[in-house]
Amino acid sequence: MKTLRTTSIKQTEEAGEYLGKSLKESSVVALFGDLGAGKTAFTRGLVRGYGINCRVFSPTFAIVNEYKENSKTVYHFDMYRITGTEDLYSTGYFDYLDTQAVIVIEWSENIVDVLPDDCIRVYIEKTDDENERIIKAGRGENLEDIGC
């Protein structure tokens, strides 16, 4: 597993951008972290790195946001309010997995049992310094290094 330390929102976005540059179609990125950890900032960078130039917002109220440019698409989920399988089905999550789009999921801890085995897991932790984040990333349940 790769570990990064960022000291600003800009650096957290840059970490996401770096990962976004390496993503392939149908990649699933599962984000874990407390409220305010920087999941949406990381996603802003990831979307930019994947080659989509648009404004990225937290999908808290929409459940899923779509970002599209040319032939690339990212679906950005927020699973904060998901409390069970029935809720998850109502989001269309399983249908989105069958697309060629990149899927980014905030609050993945709420759906950990249904994440794809080979998804990229990104853990973002706050520290005592309000601007600092520790970001750990790896692929699958074993969190093998993804090289970012």
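In this text the structure is predicted, and so the values were computed from the model without any measurement.

Draft legend 1. Structural detail: the sheet that holds strand β6 (residues 120–126). The strand order β1-β7-β6-β2-β5-β4-β3 describes an open sheet built from seven strands, whose pairing is mixed. Sheet topology places β1 (2–6) and β3 (64–69) at the edges, where each strand pairs with a single neighbour. Taking each pair of neighbouring strands and ignoring which way they run, the sheet shows an average axis angle of 15°. Two elements, strand β4 (residues 72–78) and strand β5 (residues 102–106), share five bridges in a ladder whose sense is parallel. Bridging across to β5, V74 finds its partner in V102.

Draft legend 2. Summary view of the packing of aromatic side chains. For the structure on display, the rule yields seven aromatic pairs. Between Y75 and Y96, the aromatic rings sit 4.5 Å apart at their centres with planes inclined by 65°, giving edge-to-face as the arrangement. Note that Y75 is positioned in strand β4 and Y96 in helix α4 (residues 93–96), a separation of 21 residues in sequence. With a relative accessible area of 14%, Y75 lands in the buried category. Aromatic side chains F77 and Y93 sit 5.8 Å apart centroid to centroid with 85° between the ring planes, which places their arrangement in the edge-to-face category. One end of the pair, F77, is in strand β4; the other, Y93, is in helix α4, with 16 residues separating them in the sequence. F77 sits in the buried class, given a relative accessible area of 0%. Accessibility expressed as a relative area gives 0% for Y93, which makes it buried. Residue placement shows K72 over the ring face of Y50; its charged tip is 4.7 Å from the ring centre.

Conventions adopted
Residues numbered from 1 in each chain as written. Predicted model: local features only at pLDDT ≥ 70, side-chain atom pairs only at ≥ 80, totals over all residues. Heavy atoms only, no water. Pairing = 2+ DSSP bridges. Helix = DSSP H or I, 4+ residues; strand = E, 2+ residues; numbered from the N terminus. Axes fitted to C-alpha atoms, helices over the stretch in contact; angles between N-to-C directions. Phe/Tyr/Trp six-rings, centres within 6.5 Å; stacked < 30°, edge-to-face > 60°. Buried < 20%, exposed > 50% of the residue type's maximum accessible area, 1.4 Å probe, protein only. Lys NZ or Arg CZ within 6 Å of the ring centre and 35° of its normal.

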